[in-house]
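Structural description and commentary
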Number of protein chains: 2
Amino acid sequence: MTSSKTGNINTWLSHLQEETKFSISVDCVIFGYDSSKLKVLLIDCNMPPYEGRKSLIGELLEAKETTTQAARRILKNCTSLKDLYLEEVSVYSNPDRHPLGRVVTLAYYSLISIADYEKHIVDAANKRLEWIDLEDINKLAFDHQEILTDAYNRLQRTVREKPIGFSMLPKKFTLIQLQNFYETVLNIEVDRRNFRRKLMALGLLIDLQEVQDNVSHRPAKLYSFDFEKYKQKQNIGTLNFEI
Amino acid sequence: MTSSKTGNINTWLSHLQEETKFSISVDCVIFGYDSSKLKVLLIDCNMPPYEGRKSLIGELLEAKETTTQAARRILKNCTSLKDLYLEEVSVYSNPDRHPLGRVVTLAYYSLISIADYEKHIVDAANKRLEWIDLEDINKLAFDHQEILTDAYNRLQRTVREKPIGFSMLPKKFTLIQLQNFYETVLNIEVDRRNFRRKLMALGLLIDLQEVQDNVSHRPAKLYSFDFEKYKQKQNIGTLNFEI
DNA sequence: CCAAAAGTGTTGCCTTTACACCCATGT
DNA sequence: ACATGGGTGTAAAGGCAACACTTTTGG
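Everything numeric in this text was worked out from a predicted model, so none of it was measured.

**A look at the overall build of chain A**
Summing up its helical and strand segments, chain A has seven helices and nine strands in all. Within the span of chain A, comprising 243 residues, buried residues form 51% of the whole. Long-range contacts, defined as pairs at least 24 residues apart, comprise 65% of the intrachain contacts of chain A with a sequence gap of at least 6. Summed over all atoms, the accessible surface of chain A reaches about 12,000 Å², with 47% contributed by carbon and sulfur.

Rendered as structure tokens:
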């Protein structure tokens, strides 16, 4: 009989048995931004019946780690970057979702400035990792297309509420780069003047007193995001970050 | 060696072994609303070292079900209600979180009109289930206090964006009941006139042309929520539900 | 007629949107 | 000098918050 009769967390003792144990994996949707394009880091899949498709990057959960730790391990393995932004997306537990057997997966998404990534990349060739434009992705292996959709929805929401977008831009950026980023990720168009006024009003951009170099037009001013001030405002409840 | 070397979903074959399998549970935070109080359905915990505390209601995931299905099974077992609102909260996977061993849990929250629940309640006495005022809950068993906090944050957010609050009210309600509900859940006070104007402007409340009974003052008009119209507006993108 | 809660409008302010012209640099 | 993208201000409209008195019922 199932545990339906008991309905109590206290009755689990008899159930911690092999028949009710599952493999757990963690899949990472790694978003990157470069040249006004939103991209995802994918790997070739060669597992039947998905040969030829691409998949997200995932590994099995190990015995002594949390799912978050597993996600960080995966990120470090394939990007050599630490301290990346990381957010949980959802759990995917359809019994038939994986051809090798019952694997419940936790999806996370993470954000990278591709320029930074390129500097740290180790052996992408070995791992067959590739940045693919989000708009070109349509048939991933397993249920990864669904995971990607969920992750992107989550990203679109969070990017409006928290300053996570700055994780996907170079440390020094122009206001127009910033605007292009939001327009790309949110798939909207915004008025340049209104955008600038709003962002400057937040009081969280540091004017670096520098300008672009090597551009064949009037060079734009460079800014960076004031994470310190953001944290302070967050703590004292003054914050109102809304794009 | 760990799977770190492989980093590829395709290399999992060798890992679907007992040593990397886990018990998975699903815990439900069941919120109920009654008499201007937000409550949670809890059960007594008698597992060391948490004897005497209360815990959320949870069961182990079974072999052939998704976590969502497990959550619905739990809800049906302890409330006899179907089609309740259900939303995923998060995963909790600290290796030491459960005294019986490694149990990774998925938390969901659900919403109930306690008045409706009372009608369907079967054997709450047997199961030692109890509605506890949210404000009186402070030391749950396991990591359930953390889960509850996360679930409540999620509820507060979602209740502003979607009409889930109506799941916690009687089918016929007065505008003041509705206002009290939002004030309680969001822990804010709102102006009565502004609240009414906003809600009526949504065009989603049906005036039932009935009034309260047995009240020793001017009886209030009764309304119900127009779920049909809401779905339509959602589909054609006309929707702007924001409290 | 009194108590108790229901119901109703207006105003000022702030936020958001729409919109067009000059500026700095490289070639 | 010209081409290219960078930078700036203002006005109108809409949404939001603040506020007090009248109405209906039961006792």
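**Topic: the pattern of salt bridges**
Pairing between side chains of opposite charge can happen when the charged atoms of each approach one another. Tallied over the full model, the rule gives 32 salt bridges over all chains. The closest approach of N and O atoms between B:R73 and B:E62, which form a salt bridge, is 3.5 Å. Here B:E62 lies in the loop between strand 4 (57-60) and helix 1 (67-79) and B:R73 lies in helix 1, a separation of eleven residues in the sequence. The residue B:K231 makes a salt bridge to B:E228 at a minimum N-O spacing of 4.0 Å. Residue B:K231 and its partner B:E228 are located together in helix 7 (residues 227-235), separated by three residues, close to a single helical turn. Its relative accessible area of 46% is what places B:K231 among the partly exposed residues. Three or more residues are tied together by salt bridges with common partners; here these are A:K37, A:K39, A:D133 and A:E135.

**A word on the domain arrangement of chain A**
Residues and elements named next belong to chain A. The domain boundaries assigned to chain A delineate domain 1 (19-161) and domain 2 (169-235). Placing a centre on the C-alpha atoms of domain 1 and another on those of domain 2 gives a separation of 28 Å. Facing ten residues of domain 1, the contacting portion of domain 2 comprises ten residues. By the criterion of area lost to domain 2, the three top residues of domain 1 are Y33, V159 and R160, representing 49% of everything that side buries. Joining domain 1 to domain 2, the criterion identifies three residue pairs in polar contact (both at pLDDT 80 or more). Elements with a minimum of two residues in the side of domain 1 that touches domain 2: strand 2 (37-44) and helix 4 (144-161). Tallying contributions element by element places helix 4 first for the side of domain 1 that touches domain 2, with five residues. A per-class count over the side of domain 1 that touches domain 2 returns five nonpolar, three polar and two charged.

**Topic: the nonpolar core**
Inside soluble globular proteins, nonpolar side chains tend to come together where they are buried. Counting 52 residues, the largest nonpolar core has A:I30, A:L41, A:I57, B:I30, B:L41 and B:I57 as its most contacted members. Non-local contacts of B:I30, meaning those with residues more than four positions away in its chain, are made with B:K39, B:V40, B:L41, B:I57, B:L75, B:C78, B:T79, B:S110, B:I112 and B:W131.

**Focus on the interface of chain B and chain A**
Between chain B and chain A, the contact holds 59 residues from the first and 59 residues from the second. In total, chain B and chain A occlude about 4,900 Å² of area from one another, counting both sides; carbon and sulfur atoms represent 55% of this. Applying the counting rule to chain B against chain A returns two salt bridges. Ionic pairing is found between A:R157 and B:E161, a salt bridge with its closest N-O pair at 2.5 Å. At the junction of chain B with chain A, the criterion picks out 15 residue pairs in polar contact (both at pLDDT 80 or more). Elements that contribute at least two residues to the side of chain B that touches chain A include exactly strand 1 (21-34), strand 2 (37-44), strand 4, helix 1, strand 5 (85-92), strand 6 (103-113) and helix 4 (144-161) of chain B. The greatest single-element share of the side of chain B that touches chain A, amounting to six residues, is contributed by strand 1 of chain B. Pairing of strand 1 (residues 21-34) of chain A with strand 1 of chain B involves three bridges; the strand directions are antiparallel. Residue pairing for strand 1 of chain B: A:F22 is matched across the bridge by B:F22.

**Remarks on the protein's contact with DNA strand C**
Around DNA strand C, the surrounding shell holds 18 residues, and the nearest of these are A:P219, B:I176, B:R192, B:R196 and B:K221. Across the atoms of DNA strand C situated within 4 Å of the protein, the share located in sugar and phosphate is 42%. A distance of 3.0 Å separates a base nitrogen of DNA strand C from a polar atom in the side chain of A:N194. At a separation of 3.4 Å, a base oxygen of DNA strand C approaches a polar side-chain atom of A:R197. Elements with a minimum of two residues in the surface near DNA strand C: helix 6 (192-202) of chain A together with helix 6 (192-202) of chain B. For the surface near DNA strand C, the element with the most residues is helix 6 of chain B, which contributes four residues.

Conventions we followed
- Residues numbered from 1 in each chain as written.
- Chains lettered and ligands numbered in written order.
- Predicted model: local features only at pLDDT ≥ 70, side-chain atom pairs only at ≥ 80, totals over all residues.
- Heavy atoms only, no water.
- Helix = DSSP H or I, 4+ residues; strand = E, 2+ residues; numbered from the N terminus.
- Buried < 20%, exposed > 50% of the residue type's maximum accessible area, 1.4 Å probe, protein only.
- Contact = heavy atoms within 4.5 Å.
- Areas by Shrake-Rupley, 256 points an atom, 1.4 Å probe, with all protein chains shown as cover.
- Salt bridge = Lys/Arg side-chain N within 4 Å of Asp/Glu carboxyl O.
- Domains from an automatic or database assignment.
- Buried area = accessible area lost by both parts, 1.4 Å probe.
- Polar contact = N/O pair within 3.5 Å; in protein donor to acceptor, adjacent residues only side chain to side chain.
- Nonpolar A, V, L, I, M, F, W, Y, C, P; charged D, E, K, R; others polar.
- Core = buried A, V, L, I, M, F, W, Y, C linked by side-chain atoms within 4.5 Å.
- Pairing = 2+ DSSP bridges.
- Near = heavy atom within 4 Å.

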